[in-house]
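# Coordinate inspection notes
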Amino acid sequence: MKIIGTKDYEHMSQAAAEIIIEKIKEKPDMVLGLATGASPLQTYRCLAQRYQEGSLSLKQVSAFNLDEYAGLPKTHEQSFYHYIKENLISQTDLQEENVHVLHGMAEDAELECKAYEERIAQLGGIDIQLLGIGLDGHIGFNEPDHIFSMTAHVSNLEEETRQANAKYFSRLEEVPKKAMTMGIGTIMQAEALLLLVSGREKAVVLAQALYGPINPQLPASIVQIHHNCTVVVDEPALQELKKAKDTCFRRYQYETF
Ligand code: PGA
């Protein structure tokens, strides 16, 4: 595991974008796992800027969204598909037909999840999976559980998660109670993980995830055993890691950007 410490959200986003750009240069038809939410937003803006400057093309890139709200159509402003369309597809040459999503309105959600896994496998797996971390330690919409889920599935959203996302909806009641998400197994099969963490409010859960026991009650803790995980963290989110690193036997590679 490599941990890259950065000054602030802007630098975190630049560092993350550089890692993705590097990979696209090496493998123009790479498969990118996309996350949504506040954490990767500026990273997408950095990629869009590079595209607009003419120094980056995502034309051959394929992408898979990490998760989606169940019951929201693609056109809904808060669907994760809409987020990717607004922030990446419409800002770069990423081709819409190369962006794969879990359909929130699928009649048979289990079947949709199964087909999603097959599509990922058909494209040879994910090269870089972007991740954020939830306040309850979720990655994707894999909420705290007694087991690590293997494959894409329907998940019940925790109240804390719904409240954290309520700011994007007009009322808490509008936040869906269910979602579809890549499983922990799906995520762990990615060639590389790129976890973005920003803000003081994420500091405690991040330290628990990286230095605490690996436990499905804190799903993000699984990244400790991924063979190629990079965590890009801004200064406020780094605070508890700094303390944990001196008291824990685990040793990670620390760098700054
Ligand atoms: P955030 O969400 O990036 O908006 O903080 C992360 C998450 O809930 O996975």
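Residues numbered from 1 in each chain as written. Predicted model: local features only at pLDDT ≥ 70, side-chain atom pairs only at ≥ 80, totals over all residues. Heavy atoms only, no water.

## Things to note about the pairing of strand β3 (residues 62–65)
Burial of the side chains of β3 extends over both faces: Ser62 and Phe64 are buried on one face and Ala63 and Asn65 on the other. Two strands pair when backbone bridges link them, and strand β2 (residues 31–34) and β3 are joined in this way by 4 bridges, in the parallel orientation. Its bridge partner lying in β3, leucine 32 is registered against alanine 63. As a crossover connection, the stretch from β2 through helix α2 (residues 41–53) into β3 is right-handed. Here β3 runs beside strand β5 (residues 99–100); their pairing, made up of 2 bridges, is parallel. Within β5, the residue paired with alanine 63 across the bridge is valine 99. (Buried < 20%, exposed > 50% of the residue type's maximum accessible area, 1.4 Å probe, protein only. Helix = DSSP H or I, 4+ residues; strand = E, 2+ residues; numbered from the N terminus. Pairing = 2+ DSSP bridges. Right-handed = clockwise from strand over helix to strand, strands pointing away.)

## Some details on the site of the ligand
The ligand sits among Gly37, Ala38, Ser39, Gly132, Ile133, Gly134, His138 and Lys202. Take serine 39: an N or O atom from its side chain is 2.5 Å from an oxygen atom of the ligand. Here an oxygen atom of the ligand and a side-chain polar atom of lysine 202 are 2.7 Å apart. Isolated, the ligand exposes 280 Å² of accessible area, and the fraction of that covered by the protein chains is 80%. A class-by-class count of the residues in the shell around the ligand yields 2 nonpolar, 5 polar and 1 charged. (Near = heavy atom within 4 Å. Polar contact = N/O pair within 3.5 Å; in protein donor to acceptor, adjacent residues only side chain to side chain. Areas by Shrake-Rupley, 256 points an atom, 1.4 Å probe, with all protein chains shown as cover. Nonpolar A, V, L, I, M, F, W, Y, C, P; charged D, E, K, R; others polar.)

## Focus on helix α7 (residues 203–211)
Summarising burial for α7: 7 of the 9 residues are buried, a large majority. Among all positions in α7, only Ala203, Val205, Leu206, Ala207, Ala209, Leu210 and Tyr211 are buried. Taken together, the buried residues of α7 touch β1 (2–6), β9 (192–197), β10 (229–234), α8 (235–247) and β11 (253–256). (Contact = heavy atoms within 4.5 Å.)

## As for the sheet that holds strand β4 (residues 67–69)
Taken in spatial order, the 3 strands of this open sheet run β4-β8-β7, and their pairing is antiparallel. Pairing within the sheet leaves two strands with one partner each, and these edge strands are β4 and β7 (153–156). Taken over all neighbouring pairs, the strand axes of this sheet differ in orientation by 30° on average, direction set aside. Taken together, the 4 bridges between β7 and strand β8 (residues 178–181) define a ladder with antiparallel strand orientation. Looking at the pairing, histidine 153 lines up with threonine 181 of β8. Seen against the sheet, helix α4 (residues 109–122) touches β7 and β8 and runs at an angle of roughly 125° to β7. (Axes fitted to C-alpha atoms, helices over the stretch in contact; angles between N-to-C directions.)

## A word on the packing of aromatic side chains
Within the structure shown, the criterion is met by 7 aromatic pairs. With centroids separated by 5.7 Å and ring planes inclined at 80°, the aromatic side chains of tyrosine 69 and phenylalanine 169 adopt a geometry described as edge-to-face. Here tyrosine 69, found in strand β4, pairs with phenylalanine 169, found in the loop between α5 (159–165) and β8; they are 100 residues apart in sequence, far enough to count as distant. The two residues tyrosine 69 and phenylalanine 169 agree in class, both being buried. Feature note: the residues Tyr69, Phe80, Phe141 and Phe169 constitute an aromatic cluster, connected by ring pairs. Directly above the aromatic system of tyrosine 254 lies the positively charged group of lysine 245, at a separation of 4.6 Å from the ring centroid. (Phe/Tyr/Trp six-rings, centres within 6.5 Å; stacked < 30°, edge-to-face > 60°. Lys NZ or Arg CZ within 6 Å of the ring centre and 35° of its normal.)

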